[in-house]
Protein chains: 2
Amino acid sequence: MPGVERVEGERNAGLRDVCFYEERILSGVDCEGKDSELLCKTMHAWKEAISPHLAVVRENAGVEDAVLLQSLKECLASTFRGGGSGRKDNFWCVIETAGGVASPGPSGVLQCDLYRPFRLPGILVGDGRLGGISCTISSYETLKFRGYDISAIILEDHGLSNETALLSYLRNKVPVLVMPPFPCDPSDDLIRWFSECRNVFIYLQKLMHTAYLKRIGRLHDIGAKAGEVLWWPFTQHKLVPTETVTVIDSRLGENFSVHKVIDNCDFIIPQFDACASWWTQGPDATLQIELARDMGYATSRFGHVMFPENAYEPALHCAELMLGGVGKGWASRAYFSDNGSTAIEIAIKMAFRKFSLDHGIHMETAYDSMGKKMDFRVLALSGSYHGDTLGAMEAQAPSIYTSFLQQPWYSGRGLFLDPPTAYLSNGRWSISLPTALQFRMEKTDDMSFDSFDDLFSWSRESSVLAEGYSAYITEQLSQLSGGSESTHIVIHGAGGMHLIDPAFQRVLVRKCRARKIPVIFDEVFTGFWRLGRESAAELLGCMPDIACYAKLLTGGVVPLAATLATEAIFEAFSGDSKAEALLHGHSYSAHPMGCSAATKAIQWFKDPSTNPNLEGGGESLKELWDGELVRQVSSHFAVRRVVALGTLCAIELRAEGSDASYASLYASSLVRSLRGDGVYMRPLGNVIYLMCGPCTHPHVCRTQLHKVYQAIDRFAQSQPSKLSSTAL
Amino acid sequence: MPGVERVEGERNAGLRDVCFYEERILSGVDCEGKDSELLCKTMHAWKEAISPHLAVVRENAGVEDAVLLQSLKECLASTFRGGGSGRKDNFWCVIETAGGVASPGPSGVLQCDLYRPFRLPGILVGDGRLGGISCTISSYETLKFRGYDISAIILEDHGLSNETALLSYLRNKVPVLVMPPFPCDPSDDLIRWFSECRNVFIYLQKLMHTAYLKRIGRLHDIGAKAGEVLWWPFTQHKLVPTETVTVIDSRLGENFSVHKVIDNCDFIIPQFDACASWWTQGPDATLQIELARDMGYATSRFGHVMFPENAYEPALHCAELMLGGVGKGWASRAYFSDNGSTAIEIAIKMAFRKFSLDHGIHMETAYDSMGKKMDFRVLALSGSYHGDTLGAMEAQAPSIYTSFLQQPWYSGRGLFLDPPTAYLSNGRWSISLPTALQFRMEKTDDMSFDSFDDLFSWSRESSVLAEGYSAYITEQLSQLSGGSESTHIVIHGAGGMHLIDPAFQRVLVRKCRARKIPVIFDEVFTGFWRLGRESAAELLGCMPDIACYAKLLTGGVVPLAATLATEAIFEAFSGDSKAEALLHGHSYSAHPMGCSAATKAIQWFKDPSTNPNLEGGGESLKELWDGELVRQVSSHFAVRRVVALGTLCAIELRAEGSDASYASLYASSLVRSLRGDGVYMRPLGNVIYLMCGPCTHPHVCRTQLHKVYQAIDRFAQSQPSKLSSTAL
């Protein structure tokens, strides 16, 4: 990409004094003999021919990235609206950047990163000189590794046939065009050169047009085609008409770029990924690009390599970071698998073995005199969700997910406790006690608090609560027959977005410990800053024997899960034979791609130099959801309860009967309206939620939540009858 | 990296006439005043200052990549052995490449790719001129995306402070050194410049030394550290002493680079990954680099995005390729998940629903008058293995993996048939009939064949076999009580590396069809050319209702699985409510990284321009394991049976009793000895196997198999007593 031309011209009052702006219009006829107009705008320029980031300093003429992008966006929009000539039917826009693809822009951010939110198709101006093959290939790769598509490469001929080497490298998939050499004489007006180039430029234009049509055509078709060949999980296809399919062209940081046709015109529109793509996402734009480099490196250096009895840097480093972070103070071993569900299956197997060992159960004693096998059960929380494979489902209370229709083998091999939940309503934090507990405890009038922290402190200190919790849990535990059970404890039942009172969980852990029941924390959802701490166990102030992690573990690029365990759990598998080892593993166990991504993400999120949201000496995230606005939402008459903690803001709408069920379509119109506002949501029955990354700027959170508040208000107005009755 | 110097010098007789080779020795004192010697070798040079790949043509002086690498390797080895001076204790080797990092080498292969097998740490000579920031960053990325580590960047000062921008981009993680400007006067002898540079070069040397020590230190520690914090799957840690841990520094194509200390010296040694890293690997070096670019692109363009009700290019393209490939002619929907085990759980859920629908079973009729739930069972093959999650395990016959010790919840919810297996022994292919079938069928004398194809044709045509199979299966099926079962059919029981007679499987499929029992093919192991066809179903000549794929699906870089299904299966989930949909999904369902890798790998393997092993119009792979050598192995007295098909060559050693079990350490010494020969193996009890990729050159396969043959021979000699008794 040739350097920007410096032209002394009209100054744009909107920019600082020394930045130049020029607009020129040339009229003529195009190659088909039709009237044509060329509008040239130099949007920003500096006097000295140096990198913009230096010129900014030397000429004291900075342009902020946001301002530059906004002015470019407006320029494109005005051209689209007709520009100078009013022609809308046939026009071309070419943005020429300054310097090389990775030259810094005015702020110092590389231009390939700066313009990435637009992800416009690129023409790479290559280099036909000696050394130009390498330079062109590297530039091409820099663009590809930023997620750009390149329609063509064009270069000046220096008689070295660089295009041949380039085409071979590109496997003929990107056209390479050659221009005749530039005239050496500086007084040459280039007219002759341009006429020599005519066919090259006509061909280039054709290529750009073809690439455009192909891209747009594919974007138009993709929704319908997807509906024909994909089988989406948790989706009743009959309820998804083609036009409601979201066509995602790309993502950058917290935002999708979504293709939409409005008034017969094609648009690529940003949408905030408010469900963090099933709670996996954490990266901002900078981390995403860093992860891209790490993923390329990990693929080239390792691809995947066999794990058992082998050691390689990414797996070891990732394990060390986990044990020194979320596992600090208790865990000594990392067992890798692919997703939360498999991590839970592994955890359950670990717990069974440890329980068997501690309680003297072995193959011989596992069967009674009638040959009936000992029945191991887990102790878990109602409403919790630990994954979809059978073993993980058996540790969940019966629900729509475990019905006969879904998996006839499910039997629910657990004792499921009803936990107390904490929530915000009408601006106050309260605890909701399940029936079994209400019965047991005296009605305490003042159980509402200004903040979650206040509620948390109170519940931790309250002897009334502690006694009630203790009595309930003891009674439940007594139902387990003689110690033949393992336990499985949930920190946070992700299914319904309920926040369980930490004090209750602490009592439960203590009671299990006393009975030598291994304790598993399912941190698949809560781990890695989801709830404002690296590990949600920190909120409880007690440690598990086993814990499961996935989702945010890799910063949200590839599947990877880990089950951490104490040395005592690990030792339960020690023996003289392989038969005693834990015989569970997946082919991609500890795959270097996942471990590399995790290594980067774990460090990125907890480093104050990359995560400005850290506070309290790096222990916790600052408040991301504006407290006042959250209280306002919780006070809206259409809202029943809110949970805002860490990166999560879940809002339960008032709804009754089937409207409040998982399969309910109650929130559909609300979600649709928010998508129109640039917020991508997916409801869980009558619960909607916003989720950001650990590094997301609180300002972004506020903007999104404000949109949600307004949309809820519109939604409530649109169905007053339903809501007025339930609000009573 | 500056251009290669052209020097007229001594010619190397080993190379072609016009390639130049020069060796010069300079003596002096080093910076600490000690005697020092500089040995300069110009290994290859051409007359004209153009890219080597052009010079090769113009000067008719080619050097093959293999020759170039070999001569470089020998040069490094001779330097290590003492070179000219005999000094071994303190020496430095610097390889200066020609042109830019991505300049073509003599063969046209880019130099960054050409030298990748060595993966030497790099010093990048950057560019301090205008435009140099971009050029340096792009070159750096090109190297990182090839899996190189860069110890430092060094550039010439042009007063533009390029180093500041570079350090900011690199987050200060790679040092950037600045040299004073080169003298402009061409007659300058550079002595003064060198003395100005003295401190820079001393610092550079220190950096290289530090980087070296850090790397070597880590490689020394990694085995022991891994043994302390990792929990390897399927591994009895007590049986893995630190010194037996394989330290993998990197992989390229089919080979690991393994760190070894021999005689107190550090070596990085190639090892052929003969277990294809748990059967996941397919890429050759070229595909691996292509995948690296695609992984970087996919991370930057998408990272991960939410799947349900959304459409994005990689997921759609991957589904289209699968449906048009392995699913051609039967499948119409792709359901994505993370690994083979989850793909199987999904398949089972699909089959249950379809079976229920076809047999009029629904929630109300699923319970008998006593409230007992209908017992769904699968029909599967003994010895098969479908993954480690509970649902997948329930579809497997009892084994060491499903024991009470491993998972007390396992009950084995299936009817397990004993299948006939095909194998090669003493140079002849035969079928081994299980007891139940032997009893049923007349002993046919001539059941041995020259080739698998001959055996295959015969078993397909033999009416004796067909009747025997049919009777056995009918009898087994009659044990299923009244149609309350779904079925689950294995093509290939990967656990024991058995090859099941395709004719048997065909009969089984036909019988299930007649009873409206849905048929699942587990192609997790066999899919994507493992057995020489894109889908192993092609070997059977019949199609499933549901099939599962994983492992090679992504070419072996990241976990991804897919369950394909017919439209009839899909329709069984159609309804007016979400409750009827298939409520199973993982957060990273259809993650763009996996789908992009799969898209590249699927196309690469079936394209004759990228996979030279294709034959029969692209339908099948040519014979990869030398037929004669395979027969020879099968005739060795220490070998019981061999299965060589497609990319697999499995060898069952003669062993008795516990030596033949999964937990047996029988083959350990053989495997250890092969690792010394550069073949990385992992035994399955008394079975060892070699596995290559679909593009691996048959010559490579032959070399590895030959090593195995020799090792088996040594192994047999070392324990003659055991073998002579079992050989009788």
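Residues numbered from 1 in each chain as written. Chains lettered and ligands numbered in written order. Predicted model: local features only at pLDDT ≥ 70, side-chain atom pairs only at ≥ 80, totals over all residues. Heavy atoms only, no water.

A. Structural context of the interface of chain A and chain B. Listed as interface residues are 171 residues of chain A and, on the opposing side, 171 residues of chain B. Across the chain A/chain B interface, buried area totals approximately 15,700 Å², and carbon plus sulfur atoms make up 61% of it. Of all residues in chain A, A:Trp231, A:Phe404 and A:Trp409 give up the largest surface area on contact with chain B, accounting jointly for 7% of the area buried on that side. Between chain A and chain B we count 16 salt bridges in total. Here A:Asp249 makes a salt bridge to B:Arg301, at a shortest N to O gap of 3.1 Å. Along the contact surface separating chain A from chain B lie 102 residue pairs in polar contact (both at pLDDT 80 or more). For the side of chain A that touches chain B, the element with the highest residue contribution is helix 8 (residues 285-301) of chain A, accounting for 13 residues. For the side of chain A that touches chain B, the per-class residue count stands at 85 nonpolar, 52 polar and 34 charged. In the sheet, strand 9 (residues 310-311) of chain A pairs with strand 6 (residues 246-252) of chain B via two bridges, with the strands oriented parallel. Looking at the pairing, A:Asn310 lines up with B:Thr246 of strand 6 of chain B. (Contact = heavy atoms within 4.5 Å. Buried area = accessible area lost by both parts, 1.4 Å probe. Salt bridge = Lys/Arg side-chain N within 4 Å of Asp/Glu carboxyl O. Polar contact = N/O pair within 3.5 Å; in protein donor to acceptor, adjacent residues only side chain to side chain. Helix = DSSP H or I, 4+ residues; strand = E, 2+ residues; numbered from the N terminus. Nonpolar A, V, L, I, M, F, W, Y, C, P; charged D, E, K, R; others polar. Pairing = 2+ DSSP bridges.)

B. Quick look at unusual backbone geometry. Residues and elements named next belong to chain A. The backbone of Leu190 sits at a positive phi, close to 70 degrees, despite the residue not being glycine. Position of Leu190 among the secondary structure elements: in the loop between strand 5 (176-179) and helix 6 (191-229). One non-glycine residue, Trp278, lies in positive phi territory at about 55 degrees. Structurally, Trp278 is set in helix 7 (residues 276-279). The class for Trp278 is buried, based on a relative accessible area of 12%. (Buried < 20%, exposed > 50% of the residue type's maximum accessible area, 1.4 Å probe, protein only.)

C. A look at the relation of the copies chain A and chain B. Once chain A is rotated about the relating axis by 180 degrees and shifted along it by 0.0 Å, it coincides with chain B to within an RMSD of 0.0 Å. Such a turn and shift between the copies fits a two-fold axis. Interface overlap between copies is the fraction of interface residues in one copy that are interface residues in the other; for chain A against chain B it reaches 100%, indicating a shared surface. (Least-squares fit on C-alpha atoms with pLDDT ≥ 70 in both.)

D. Up close: the pairing of strand 22 (residues 639-645) of chain A. Residues and elements named next belong to chain A. Summarising burial for strand 22: six of the seven residues are buried, a large majority. Where strand 22 meets strand 23 (residues 648-653), six bridges bridge the pair, whose relative direction is antiparallel. In the strand pairing of strand 23, Val639 is matched with Leu653.

E. Just the sheet that holds strand 18 (residues 546-549) of chain A, in detail. All names here are of chain A. Taken in spatial order, the four strands line up as 10-19-18-17 in an open sheet, and their pairing is mixed. A strand with exactly one partner marks an edge of an open sheet, and here the two such strands are strand 10 (333-337) and strand 17 (520-522). The mean inter-strand angle of the sheet, taken between neighbouring strand axes irrespective of direction, is 20 degrees. One ladder, built from five bridges, connects strand 10 with strand 19 (residues 561-565); its direction is antiparallel. Within the sheet, the bridge partner assigned to Ala334 lies in strand 19 and is Leu564. (Axes fitted to C-alpha atoms, helices over the stretch in contact; angles between N-to-C directions.)

F. Representation of the packing of helix 13 (residues 452-461) of chain B against helix 15 (residues 502-514) of chain B. Residue and element names in this part refer to chain B. Interhelical geometry of helix 13 versus helix 15 gives an angle of 35 degrees and a closest axis separation of 8 Å. Along the contact surface, helix 13 presents Phe452, Phe456, Ser459 and Arg460, while helix 15 presents Pro502, Ala503 and Arg506. Its residues assigned to classes, the contact of helix 13 with helix 15 comprises four nonpolar, one polar and two charged.

G. Up close: the confidence of the model for chain A. Residue and element names in this part refer to chain A. Looking at chain A, the pLDDT average stands at 89 and 92% of residues meet or exceed 70. Throughout residues 1-18 the model reports pLDDT below 50, and contacts reaching past four residues in sequence, or to other chains, amount to 46 contacts. This stretch, residues 490-495, has a pLDDT under 50; its non-local contacts, to residues over four places away or in other chains, come to 28 contacts. (pLDDT = per-residue confidence, 0-100.)

H. Seen up close, the nonpolar core. If you look at the biggest cluster of nonpolar residues, it comprises 377 residues, and the most contacted ones within it are A:Phe336, A:Ile651, B:Phe336 and B:Ile651. Every residue in contact with B:Ile651, bar those within four places of it in the chain, is listed here: B:Val633, B:Val639, B:Arg641, B:Val642, B:Asn686, B:Val687, B:Ile688, B:Leu705, B:Val708 and B:Ile712. Counting 68 residues, the second-largest nonpolar core is a separate cluster that includes A:Cys75, B:Met43, B:Ile133 and B:Leu170. (Core = buried A, V, L, I, M, F, W, Y, C linked by side-chain atoms within 4.5 Å.)

I. Quick peek at the packing of aromatic side chains. Applying the stated criterion to the full structure yields 55 aromatic pairs over all chains. Here A:Phe355 and A:Phe376 contribute two aromatic rings whose centre-to-centre distance is 6.2 Å and whose plane-to-plane angle is 75 degrees, an arrangement assigned as edge-to-face. With A:Phe355 in helix 10 (residues 340-358) and A:Phe376 in the loop between helix 10 and strand 11 (378-381), this pair connects stretches of sequence that are 21 residues apart. You can call A:Phe355 buried: its relative accessible area is 1%. Here A:Phe528 and A:Tyr549 contribute two aromatic rings whose centre-to-centre distance is 5.7 Å and whose plane-to-plane angle is 65 degrees, an arrangement assigned as edge-to-face. On the criterion of sequence distance, the pair formed by A:Phe528 in the loop between strand 17 and helix 16 (537-540) and A:Tyr549 in strand 18 is long-range, its members being 21 residues apart. Ring-pair connections join several aromatic residues into one group, and the members of that group are A:Phe352, A:Phe355, A:Phe376, B:Phe404 and B:Trp409. Directly above the ring of B:Phe456 sits B:Arg460, whose terminal nitrogen or CZ lies 4.6 Å from the centroid. (Phe/Tyr/Trp six-rings, centres within 6.5 Å; stacked < 30°, edge-to-face > 60°. Lys NZ or Arg CZ within 6 Å of the ring centre and 35° of its normal.)

J. Molecular detail of a nonpolar patch on the surface. On the surface, A:Phe80, A:Phe91, A:Ile262 and A:Phe267 cluster together into a nonpolar patch covering about 300 Å² of accessible area. The topology assignment puts A:Phe91 in the loop between helix 2 (65-80) and helix 3 (111-114). (Patch = residues over 30% accessible without salt bridge, like charges linked within 9 Å, V, L, I, M, F, W, Y side chains within 5 Å. Areas by Shrake-Rupley, 256 points an atom, 1.4 Å probe, with all protein chains shown as cover.)

K. Fine view of the sheet that holds strand 3 (residues 122-125) of chain B. Residues and elements named next belong to chain B. Spatial ordering of the open sheet is given by 3-4-5, a layout of three strands whose pairing is parallel. Every interior strand has two partners, whereas the edge strands, strand 3 and strand 5 (176-179), have only one. Recorded for the sheet is a direction-independent mean angle of 25 degrees between the axes of neighbouring strands. When strand 4 (residues 150-156) meets strand 5, the two strands line up parallel, connected through four bridges. By the bridge assignment, Ile153 is partnered in strand 5 with Val176. The strands that helix 5 (residues 162-169) touches are strand 4 and strand 5; relative to strand 5, the one it contacts most, it runs at about 170 degrees.

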